[in-house]
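A structural walkthrough
One letter stands for each residue in the lines below.
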Amino acid sequence: MRPPQPLPPRPRADGLEPADSSTTGGRHLVLCFHVTLSGTGRGVGVRSQWAPTTTQASRGAPRLGGRRLDGGGGGARGRGVFGPRPPPFPPLGASRRQGRAEGLSERTHGGRLAAGCAPRGLLGRAPSCCSASAPLDMVAPGSLGSRLGAVFPFLLVLVDLQYEGAECGVNADVEKHLELGKKLLAAGQLADALSQFHAAVDGDPDNYIAYYRRATVFLAMGKSKAALPDLTKVIELKMDFTAARLQRGHLLLKQGKLDEAEEDFKKVLKSSPSENEEKEARSQLVKSDEMQRLRSQAFAAFESADYSAAITFLDKILEVCVWDAELRELRAECFIKEGEPRKAISDLKAASKLKHDNTEAFYKISTLYYHLGDHELSLSSEVRECLKLDQDHKRCFAHYKQVKKLNKLIESAEELIRDGRYTDATSKYESVMKTEPSVAEYTIRSKERICHCFSKDEKPVEAIRICSEVLQMEPDNVNALKDRAEAYLIEEMYDEAIQDYEAAQEHNDNDQQIREGLEKAQRLLKQSQKRDYYKILGVKRNAKKQEIIKAYRKLALQWHPDNFQNEEEKKKAEKKFIDIAAAKEVLSDPEMRKKFDDGEDPLDAESQQGGGGNPFHRSWNSWQGFNPFSSGGPFRFKFHFN
């Protein structure tokens, strides 16, 4: 619909020019005054009107003093935030009653204001009430001249009233958000309730209730840092809101800001609190005083190097001031001095979350992990977070390079062990000890792995030596005990092997490998007390088959009974020859040798099920015609005895 075209301005009886909206060019604020000249002895009624903006026009009829200017609205919402609009100002020089009557006639066009006259407007077109179509006389601000000073106080009051009316619609939306957020909060839907309170704060930045309810949601979500600024805003907007001040005091006390917390509790007591609020404030004041005393004692103990006493005081303080990052860092230092690095790490991790950009805490956590020998955790997140916050942090960067280099060596060595390349792995771990000689933990771990490599590579002498060095530094090192026990088995030192396995089992009785190794060592000890085929042939337990055949040939030639003429020597030789032949038979057969290595004698009747004698314990006659040199090679030997 086309807007009504303004009529040409009619002449003014008072000689004043009508308002000319063309001088604004649509870019400036247009202000119109309704003026009534009532003759001698009567004043001038003045009212301001503003050109509406497009946005305001889209909201519906404008409001003034809480009322709809088109006559609509009404009810509780029509009265505005602060109740009904006050009566109009009386005209100058007239009685109050006459002023009310004239003011009413000036503000209405047939009982209502023109719908185009909005309470405020920027960058808008001049309202229709400023044209000749309006039944009242109007003047432009530029034509008022000296009369502007007389009406200026009334102008200020009217401008304030138009803002009150314009905000009425906004306040209705805010109330809607607050009510909906309250219901969602009661239902436990915290995220949705928070969204509603966000909207309420955005709609009315001066609404203390919106801030307070949003702070309540933040606290319910465990976001105390976000709640504190909202509570502070509530107190700024409403100084006598004791509930908000009391709640802020609680948060400040938990953060260790004792002076600020005490100030809040004291102000609560001065603001006529309820009985419960007064009781709570006094209780918190007593607690804050106690924390102040303990804090002083803790710092004094730390300065005097009494770290144990300082930890005791700090434990009590941190039960109340749980979010105090400074006190947690102080307790971490005490734990480090007392040789409890893992407890220090726990406090430092909490401090890194409580204080933004806490590069020092991240650096300390990484170095503590490093000195504990946990190079992977040292390299994982803390040192990277430190460099993320400050790329030029010299200590973090130097530490990062060192840990990365060491970690690469260790990973390479472990990969070689998995591939069975024990000699190369040993060299890598020797490089680890050279790379970090100042941290004893890496020396111990490197020697422990070298001991393992020697044991698996069947180098028992070297394994026993290195493992013994580790066990001197760590007597309860289970890995070193197991590897040394295996080396003892190779060396046929069964008693020593049993002792190491039993010691390892005391610290880890659920380890299947320890249990099996102990059983094997006990069987081998029992076996060694009877007949040991390796000893009979004079070879080691890890001897190759070729070595076994070679040793057998040599001994069979030496102890063949035909070589002896004396009957006693002959009988002794026969027994020896039988043992040599049996040893060759067992150790040259892979299946029988495995049974023997596991502590079971395949030629022992007691070890076989069913009993009935030992089929392999033959007399010399049973070995007649046996050629001990008929196997193991292409050669044949024939002996002639006199």
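Residues numbered from 1 in each chain as written. Predicted model: local features only at pLDDT ≥ 70, side-chain atom pairs only at ≥ 80, totals over all residues. Heavy atoms only, no water.

Focus: the environment of Ser588
When you line up the elements, Ser588 lands in the loop between α27 (567-587) and α28 (590-597). The exposure class assigned to Ser588 is buried, which follows from its relative accessible area of 14%. Separated by 40 residues in the primary sequence, Ser588 and Ile548 place their C-alpha atoms 7.1 Å from one another. With residues up to four places along the chain from it excluded, the contact list for Ser588 reads Lys545 and Ile549. Engagement of the side chain of Ser588 in a polar contact is seen with the backbone oxygen of Lys584, the distance being 2.5 Å. (Helix = DSSP H or I, 4+ residues; strand = E, 2+ residues; numbered from the N terminus. Buried < 20%, exposed > 50% of the residue type's maximum accessible area, 1.4 Å probe, protein only. Contact = heavy atoms within 4.5 Å. Polar contact = N/O pair within 3.5 Å; in protein donor to acceptor, adjacent residues only side chain to side chain.)

Topic: the packing of aromatic side chains
Across all of its chains, the model carries seven aromatic pairs by this definition. A centroid spacing of 5.6 Å and a plane angle of 90° characterise the contact between Tyr208 and Phe241, whose relative ring orientation is edge-to-face. Here Tyr208, found in helix α7 (residues 208-220), pairs with Phe241, found in the loop between α8 (224-237) and α9 (242-254); they are 33 residues apart in sequence, far enough to count as distant. With 5.8 Å between their ring centres and 45° between their planes, Tyr534 and Phe596 make a pair best called tilted. (Phe/Tyr/Trp six-rings, centres within 6.5 Å; stacked < 30°, edge-to-face > 60°.)

Things to note about the state of the cysteines
Taken as a whole and assessed by the stated rule, the structure comprises two disulfides. Note on cysteine connectivity: Cys386 is disulfide-linked to Cys396, with sulfurs 1.9 Å apart. Around the S-S axis, the bridge from Cys386 to Cys396 shows a dihedral of about 95° and counts as right-handed. Taken together, the residues span a long stretch of sequence, with Cys386 in helix α17 (residues 382-389) and Cys396 in helix α18 (residues 394-418) at a distance of 10 residues. As far as the burial class goes, Cys386 and Cys396 line up, both buried. Here Cys451 pairs with Cys467 through a disulfide, and the sulfurs are 1.4 Å apart. (Disulfide = S-S within 2.5 Å.)

What about the UniProt feature "repeat: TPR" (unreviewed entry) in the chain?
Mapped onto the present numbering, the UniProt feature "repeat: TPR" (unreviewed entry) falls on residues 174-207 and 242-275. When the span residues 174-207 is considered, its composition is 79% helix and 0% strand, and the gap between its end C-alpha atoms is 9 Å. The distance separating the terminal C-alpha atoms of residues 242-275 is 12 Å; by composition the span is 79% helix and 0% strand. (UniProt positions renumbered as here; feature names shortened; annotations may be inferred.)

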